[in-house]
Amino acid sequence: MIEMIPFHYTKDITVINKEQFDAHIRLYKGYVDNINKVDEQLQWGDVQREQANTTFSYYRECKRGETYALNGVILHELYFDNIGGMGMPDEFTKDQLVRDFGSLQKWQEDFIATAKASRGWAVLSFDQRSGRYRNISLDSHDLGNIAYSAPALVLDMYEHAYFLQYADNKSEYIDHFMKNINWDVVKERMVF
Ligand SMILES: [Fe+2]
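Residues numbered from 1 in each chain as written. Predicted model: local features only at pLDDT ≥ 70, side-chain atom pairs only at ≥ 80, totals over all residues. Heavy atoms only, no water.

Attention now goes to the overall build of the protein. Within the protein one finds seven helices and three strands. The linear arrangement of helices and strands in the protein, starting from the amino end, is α-α-α-α-β-β-β-α-α-α. Radius of gyration (C-alpha) of the protein: 18 Å, near the 16 Å computed for a compact globule of 192 residues. Overall, the C-alpha framework of the protein stretches about 55 × 40 × 30 Å when taken along its three principal axes. Here the protein holds 192 residues, and the buried ones make up 44% of them. A fraction of 66% describes how many contacts in the protein between residues 6 or more apart in sequence connect residues 24 or more apart. Here the protein has roughly 10,500 Å² of accessible surface; of this, 51% comes from carbon and sulfur atoms. Computed over 21 positive and 29 negative side-chain charges, the separation of the two mean positions in the protein equals 4 Å. (Helix = DSSP H or I, 4+ residues; strand = E, 2+ residues; numbered from the N terminus. Rg over C-alpha atoms; globule rule 2.2 N^0.38 Å. Buried < 20%, exposed > 50% of the residue type's maximum accessible area, 1.4 Å probe, protein only. Contact = heavy atoms within 4.5 Å. Areas by Shrake-Rupley, 256 points an atom, 1.4 Å probe, with all protein chains shown as cover. Lys, Arg positive; Asp, Glu negative; His and termini not counted. Charge placed at Lys NZ, Arg CZ, Asp CG, Glu CD.)

See below:
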């Protein structure tokens, strides 16, 4: 059973207002409920494993739902946890980004471009195969991730993340996000 993490709106969160935050938390709760439903089916339900196939089968739907909902939970938790900061990385974190992107500014420009190009998520992730950080674009919770990687910074680019407050002004949302990154949290995730 996966439990919801109780996120609370604080004055440190400047990227989104409380109305936008609360609406987003309700959506996050939906993913928690859904992964628990899928897990229950997989453990106790009649999921028709003997009928499993790649075109259409109930078991295939369970498998699609499993990673979609679970990644939906994980990515939202990483996102809510990495907002509410001052927007400036410390020297250690900066060094990682300079090593892999050339400069902090180049990393920022690339992350912003990644966010604008993404239909779902922009993620700064450590690619363990290449031994370096990449800004990756996930068009969906379960589409576009690197199999062997560790996310350090997550930005929700679904319209539901900003439209209530920013309407179609996506650039302003991204700009406010960049100024509100909690780099202490990002640094804790930089374990490699
Ligand atoms: Fe979201």
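Once the structure has been displayed, the description carries forward.
Here we come to the environment of His 160. In this structure, His 160 sits in the loop between β3 (149–156) and α5 (163–166). On the basis of relative accessible area, His 160 is assigned to the partly exposed category, the value being 26%. In this structure the side chain of His 160 is engaged in a polar contact, spanning 3.2 Å, whose partner is the side chain of His 24. (Polar contact = N/O pair within 3.5 Å; in protein donor to acceptor, adjacent residues only side chain to side chain.)

The next thing to look at is the packing of aromatic side chains. Inspection of every chain in the model, using the stated rule, returns 16 aromatic pairs. Judged by centre distance (6.3 Å) and plane angle (50 degrees), the ring pair of Tyr 162 and Phe 163 falls under tilted. The exposure class assigned to Tyr 162 is buried, which follows from its relative accessible area of 3%. Feature note: the residues Phe 7, Tyr 9, Phe 21, Tyr 28, Tyr 79, Phe 80, Trp 107, Phe 111, Phe 177 and Trp 183 constitute an aromatic cluster, connected by ring pairs. Across the ring face of Phe 101, the terminal group of Arg 132 is positioned such that the distance to the ring centre comes to 5.8 Å. (Phe/Tyr/Trp six-rings, centres within 6.5 Å; stacked < 30°, edge-to-face > 60°. Lys NZ or Arg CZ within 6 Å of the ring centre and 35° of its normal.)

Looking now at the domain arrangement of the protein. For the protein, the domain assignment lists domain 1 (18–81) and domain 2 (91–189). The distance between the C-alpha centroids of domain 1 and domain 2 comes to 23 Å. Contact residues are listed per partner, giving 16 residues for domain 1 and 21 residues for domain 2. Both sides of the domain 1 and domain 2 interface together cover about 1,600 Å² of buried area, and 61% of this is carbon and sulfur. For domain 1, the biggest contributors to the area lost against domain 2 are Gln 20, Leu 75 and Tyr 79; these three give 42% of the whole. The tally of links between domain 1 and domain 2 comes to zero salt bridges. Our count for the contact surface shared by domain 1 and domain 2 stands at 11 residue pairs in polar contact (both at pLDDT 80 or more). (Domains from an automatic or database assignment. Buried area = accessible area lost by both parts, 1.4 Å probe. Salt bridge = Lys/Arg side-chain N within 4 Å of Asp/Glu carboxyl O.)

Once that is clear, we can look at the layout of surface pockets. Estimated volume of the largest pocket: approximately 170 Å³. Considering the residues around the largest pocket, the lining is formed by Asn 71, Ile 74, Leu 75, Leu 78, Val 123, Leu 138, Asn 145, Ile 146, Ala 147, Ser 149 and Pro 151. At the level of secondary structure, the elements contributing two or more residues to the lining of the largest pocket comprise α2 (58–81) and β3. Grouping the amino acids of the lining of the largest pocket by side-chain chemistry returns eight nonpolar, three polar and no charged. Both domain 1 (18–81) and domain 2 (91–189) contribute no fewer than three residues apiece to the lining of the largest pocket. (1 Å grid on protein atoms, 1.4 Å probe; cavity = no way out; pocket = protein on both sides within 12 Å on 5 of 7 lines; lining within 4 Å. Points joined across faces, edges and corners; volume = space filled by probe spheres on them. Nonpolar A, V, L, I, M, F, W, Y, C, P; charged D, E, K, R; others polar.)

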